[in-house]
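Here is what each chain is made of, one letter per residue.
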Amino acid sequence: MSECTHDCSSCGEDCASRKSAQSFQAPMNEASCVKKVIGVVSGKGGVGKSFVTSYLSVLTQKKGFQTAILDADITGPSIPQSFGIHQQALGSELGIMPAVTASGIKLISVNMMLQEEDRPVIWRGPVIAGVVKQFWTEVFWDEVDYMFVDMPPGTGDVPLTVFQSLPLDGIIIVTSPQELVSMIVSKAVNMAKEMNIPILGIIENYSYVKCPHCSEKISVFGESHCEEVASKFGLKVLGSLPLDPAIAARVDAGEIELLDMPEMQSVSDEIIKMLPLEE
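What comes next is a walk through the structure.

So, how was this worked out
Residues numbered from 1 in each chain as written. Predicted model: local features only at pLDDT ≥ 70, side-chain atom pairs only at ≥ 80, totals over all residues. Heavy atoms only, no water. Helix = DSSP H or I, 4+ residues; strand = E, 2+ residues; numbered from the N terminus. Areas by Shrake-Rupley, 256 points an atom, 1.4 Å probe, with all protein chains shown as cover. Buried < 20%, exposed > 50% of the residue type's maximum accessible area, 1.4 Å probe, protein only. Polar contact = N/O pair within 3.5 Å; in protein donor to acceptor, adjacent residues only side chain to side chain. Contact = heavy atoms within 4.5 Å. Phe/Tyr/Trp six-rings, centres within 6.5 Å; stacked < 30°, edge-to-face > 60°. Lys NZ or Arg CZ within 6 Å of the ring centre and 35° of its normal.

## Quick word on the overall build of the chain
Secondary structure assignment for the chain yields eight helices and 11 strands. In the form shown here, the chain has an accessible surface area of approximately 14,000 Å², with 51% of it arising from carbon and sulfur atoms.

Here you go:
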């Protein structure tokens, strides 16, 4: 082997170079079983990705499935606030224990690891990526039917870590109705394709405001381009969500589980239909 020429066509040795590509997938907590893992991504911040993650978990839990959220948005962890979770994570012989929301959703976030939840996370990429792996490997999830992973925006270290380390069954792309959205969605789509991760569809948030008097839909951020962008990439539009002050009020109060938003019901149904649990 010391005389290796790196020309495998003329060599009969069974060395590491001839084997299949190495998997970077992190091992699941050995005492846990997570059946379906869904990533929620966006090409840029501020499009409501964390809200979509949270409320999809709420709807899925209401349908009788055990649901969990892995908050991989390490530097912008807003999900615990949506559920009124302010406790620190505890440990046991089985691993780190996730918080459990009022309706039974399991949740882990970096906020639960900090002495003060409003302290900034000033860490470099490799450290942040390591925390995401720790959430998968060391948290005792027990039995989970559907796990939603709130990923940071963009295509940097942490999204790459999630794509490589977690067994994603598919991703949902969250976007907003702006001219720049085509380019932004393109980046998220192309990254998923590079990593061979199925794209379940697109959700357009802040699509319109509904007039409280006449129910007319007003496109405050301009006309939607979601359908044409989805058509360009052969993707499904899962739903178009309104800009509604009732959403902000529930989230700010930590009461997202009490939110009634019919526009999301069909989105949840479609995801479960695309990723059914094995009998």
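Next comes the rest of the write-up.
## Focus on the side chain of serine 207
Here serine 207 is to be found in strand E9 (residues 199-210). You can call serine 207 buried: its relative accessible area is 9%. A polar side-chain atom of serine 207 sits 2.8 Å from a polar atom in the side chain of glutamate 204. Apart from residues no more than four positions distant in its own chain, serine 207 is found in contact with Pro177, Ser219, Ser240 and Leu241.

## A word on the side chain of threonine 67
Turning to its location among the elements, threonine 67 is positioned in strand E2 (residues 67-71). A relative accessible area of 0% places threonine 67 in the buried class. At 3.3 Å, the side chain of threonine 67 forms a polar contact with the backbone oxygen of phenylalanine 65.

## Looking at the packing of aromatic side chains
Counted under the stated rule, the structure contains two aromatic pairs. When the ring of phenylalanine 51 is compared with that of tyrosine 55, the centres are 5.9 Å apart and the planes differ by 10°; the resulting orientation is stacked. Residue phenylalanine 51 and its partner tyrosine 55 are located together in helix H1 (residues 49-62), separated by four residues, close to a single helical turn. Phenylalanine 51 gets classed as buried once you look at its relative accessible area, which sits at 11%. Exposure remark for tyrosine 55: the relative accessible area of 1% places this residue in the buried category. Both rings, one in phenylalanine 65 and one in tyrosine 146, keep their centres 5.2 Å apart while their planes meet at 85°; by these two values the pair is edge-to-face. With phenylalanine 65 in the loop between H1 and E2 and tyrosine 146 in strand E7 (residues 143-150), the pair connects residues that are 81 residues apart, well separated along the chain. Here the basic side chain of lysine 217 rests over the ring of tyrosine 208, its NZ or CZ set 4.5 Å away from the ring centre.

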